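A look at the structure
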Amino acid sequence: MTTNRKQTLGEFIIENQNSFQYSSGELSKLINAIRLAAKVVNHEVNKAGLVDIIGSVGDTNIQGENQQKLDVFANEKFIQTLTNREIVCGIASEEEDSFISINSSDENHQNKYVVLIDPLDGSSNIDVNVSVGTIFSIYRRVTPVGTPVTIKDFLQPGNQQVAAGYVVYGTSTMIVYTTGDGVNGFTLNPALGTFYLSHPKMKFPETGKIYSVNEGNYIHFHQGVKDYIKYCQMEEGDRPYTSRYIGSLVSDFHRNMIKGGIYMYPKSSVTGSGKLRLLYECNPMAFIAEQANGIAFGGKTRIMDIQPTELHQRVPFFCGSKKMVEKLQEFLERYQ
Ligand SMILES: O=P(O)(O)OC[C@H]1O[C@](O)(COP(=O)(O)O)[C@@H](O)[C@@H]1O
Ligand SMILES: [Mg+2]
Ligand SMILES: [Mg+2]
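Residues numbered from 1 in each chain as written. Chains lettered and ligands numbered in written order. Predicted model: local features only at pLDDT ≥ 70, side-chain atom pairs only at ≥ 80, totals over all residues. Heavy atoms only, no water.

Per an unreviewed UniProt entry, the recorded name for the chain is Fructose-1,6-bisphosphatase class 1, and the organism is Maribacter cobaltidurans. Taken directly from UniProt, the Subcellular location (unreviewed entry) text for the chain runs: "Cytoplasm". The heading Subunit (unreviewed entry) in the UniProt record of the chain holds the text "Homotetramer." (UniProt positions renumbered as here; feature names shortened; annotations may be inferred.)

What follows is the structure in structure tokens.
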């Protein structure tokens, strides 16, 4: 490419199609479909407050959470786009009780990818004009092509992901994703409706000065986590670190990946589990983190080595710059 114009997402996908081990063009079409749905959702997010998209629908999802109108809208748009384009054989979503099996109308061509999605991440921030996101994780099915998908196709460990990414609807709208060959970020030019490669080969700085955790839950944290937070706050060396917590996983993760930092959503002694969902929040963010030289673990295990048992299971989640996560692990090991 000779001009110094930034590469578009479409051009990047085509150019890098062959670097993907299973390249048949199907995954490219899938990422393109996600790009399209993200633009539709972005359009609605930007109008939040002007149109009737603020507030809850008065329903709860399978996790007992109040579904926001934008949760439902985003869920519909992603499912519609992926289904209409006949690009996947199954979808699982935070907003759907169970997985959706999708048959291709073309018997000769059966799809082999399943998608797990958090259509709108950071729902508590929708009404207050704070950045939110979408998170997606893609696997090859494990059951025979041409048969209806089963739960087995979704309950795969994160280390089997073929691609993962997120969209952040913030001061600008970006898509950040990996297919196992590094992490790249694309920014939407709203005037043209085109995503451009703005952040090639994104990497977590090896260390940083930002820690992100909801300290309101502090008393329910594991002693090792409490000690690490105290360590971050001590006047010593390059500390104290700065506390930054947006309350949208995508946005906190994105900032920490650019500036260096650690995100923590520990297990609570009250609920006995973490809050974040393994399959469509932790696994995709862990794949991106590791592809960007970061670390992601939950409790004692590498997130991507956890064998899922349920579609909406929750796990503790710690993720970020290598040296900071290793320091936290040191504190946790003191109590093991
Ligand atoms: O308000 P809390 O308990 O700190 O939780 C905030 C976390 O919950 C989430 O909002 C959960 O995601 P959803 O909004 O998709 O349900 C994360 O984005 C965020 O990091
Ligand atoms: Mg979420
Ligand atoms: Mg959500």
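1. Details of the coordination of the magnesium ion (ligand 2)
In the first shell of the magnesium ion (ligand 2), the protein supplies Asp 118 (OD), Asp 121 (OD) and Glu 281 (OE), at 1.9 to 2.1 Å from the metal. The motif formed by the donor residues of the magnesium ion (ligand 2), counted along the single chain, is D-x2-D-x159-E. Here the magnesium ion (ligand 3) and the magnesium ion (ligand 2) are spaced 3.7 Å from one another, each receiving a donor from Asp 118. Linking Asp 118 in strand 5 (residues 113-121) with Glu 281 in helix 6 (residues 278-291), this pair joins segments that are 163 residues apart in sequence. Each member of the pair, Asp 118 together with Glu 281, is buried. (Donors = N, O, S within 2.8 Å, 3.2 Å for Na, K, Ca; no water. Helix = DSSP H or I, 4+ residues; strand = E, 2+ residues; numbered from the N terminus. Buried < 20%, exposed > 50% of the residue type's maximum accessible area, 1.4 Å probe, protein only.)

2. Details of the packing of aromatic side chains
All chains considered together, the criterion is met by 12 aromatic pairs. Here Phe 12 and Phe 186 contribute two aromatic rings whose centre-to-centre distance is 5.0 Å and whose plane-to-plane angle is 70°, an arrangement assigned as edge-to-face. Residue Phe 12 is found in helix 1 (residues 9-16), and its partner Phe 186 is found in strand 9 (residues 183-189); the two are separated by 174 residues along the sequence. The same class applies to Phe 12 as to Phe 186, namely buried. An aromatic cluster is defined as three or more aromatic residues linked by ring pairs; in this entry it consists of Phe 12, Tyr 177 and Phe 186. Positioned over the ring face of Phe 331 is Arg 334, at 4.3 Å from the centre of the ring. (Phe/Tyr/Trp six-rings, centres within 6.5 Å; stacked < 30°, edge-to-face > 60°. Lys NZ or Arg CZ within 6 Å of the ring centre and 35° of its normal.)

3. As for the UniProt feature "binding site: substrate" (unreviewed entry) in the chain
UniProt's entry tags Asp 121, Gly 122, Ser 123, Ser 124, Asn 214, Tyr 245 and Lys 275 with the feature "binding site: substrate" (unreviewed entry), counted in the numbering of this structure. Residues from the annotated list that form part of the lining of the largest pocket: Asp 121, Gly 122, Ser 123, Ser 124, Asn 214, Tyr 245 and Lys 275. Assignment of secondary structure puts Ser 123 in the loop between strand 5 and strand 6 (132-140). With residues near it in sequence (within four places) discarded, Ser 123 still touches Gln 68 and Asp 71. (1 Å grid on protein atoms, 1.4 Å probe; cavity = no way out; pocket = protein on both sides within 12 Å on 5 of 7 lines; lining within 4 Å. Contact = heavy atoms within 4.5 Å.)

4. Digging into the site of ligand 1
Near ligand 1, the surroundings consist of 17 residues, among which Asp 121, Gly 122, Tyr 245, Leu 249 and Tyr 265 are the closest. Separating an oxygen atom of ligand 1 from a backbone N or O atom of Gly 122 is a distance of 2.8 Å. A total of 470 Å² of accessible area belongs to ligand 1 in isolation, and the protein chains cover 88% of it. Under a 2 Å grid-point criterion requiring more than half of the atoms, the pocket assigned to ligand 1 is the largest pocket. Among the secondary structure elements, those contributing two or more residues to the shell around ligand 1 are strand 5 and strand 13 (261-265). (Near = heavy atom within 4 Å. Polar contact = N/O pair within 3.5 Å; in protein donor to acceptor, adjacent residues only side chain to side chain. Areas by Shrake-Rupley, 256 points an atom, 1.4 Å probe, with all protein chains shown as cover. Sits in = over half its atoms within 2 Å of the grid points.)

5. Observations regarding a nonpolar patch on the surface
On the surface, a nonpolar cluster with roughly 200 Å² of combined accessible area is contributed by Val 128, Val 130 and Ile 246. You can see Val 128 is positioned in the loop between strand 5 and strand 6. Judged by its relative accessible area of 51%, Val 128 falls in the exposed class. (Patch = residues over 30% accessible without salt bridge, like charges linked within 9 Å, V, L, I, M, F, W, Y side chains within 5 Å. Salt bridge = Lys/Arg side-chain N within 4 Å of Asp/Glu carboxyl O.)

6. Notes on helix 7 (residues 322-333)
In this model, helix 7 (12 residues) spans 16 Å end to end at C-alpha, consistent with the 16 Å of a helix rising 1.5 Å per residue. For helix 7, the complete set of buried residues consists of Met 324, Val 325, Leu 328, Phe 331 and Leu 332. All buried residues of helix 7 lie within an arc of 115° about the axis, which places them on one face of the element. On the buried face of helix 7, the contacting elements are strand 11 (210-212), helix 4 (223-233), strand 13, strand 14 (295-298) and strand 16 (317-320). (Expected span 1.5 Å × (residues − 1). Arc of directions from axis to C-beta.)

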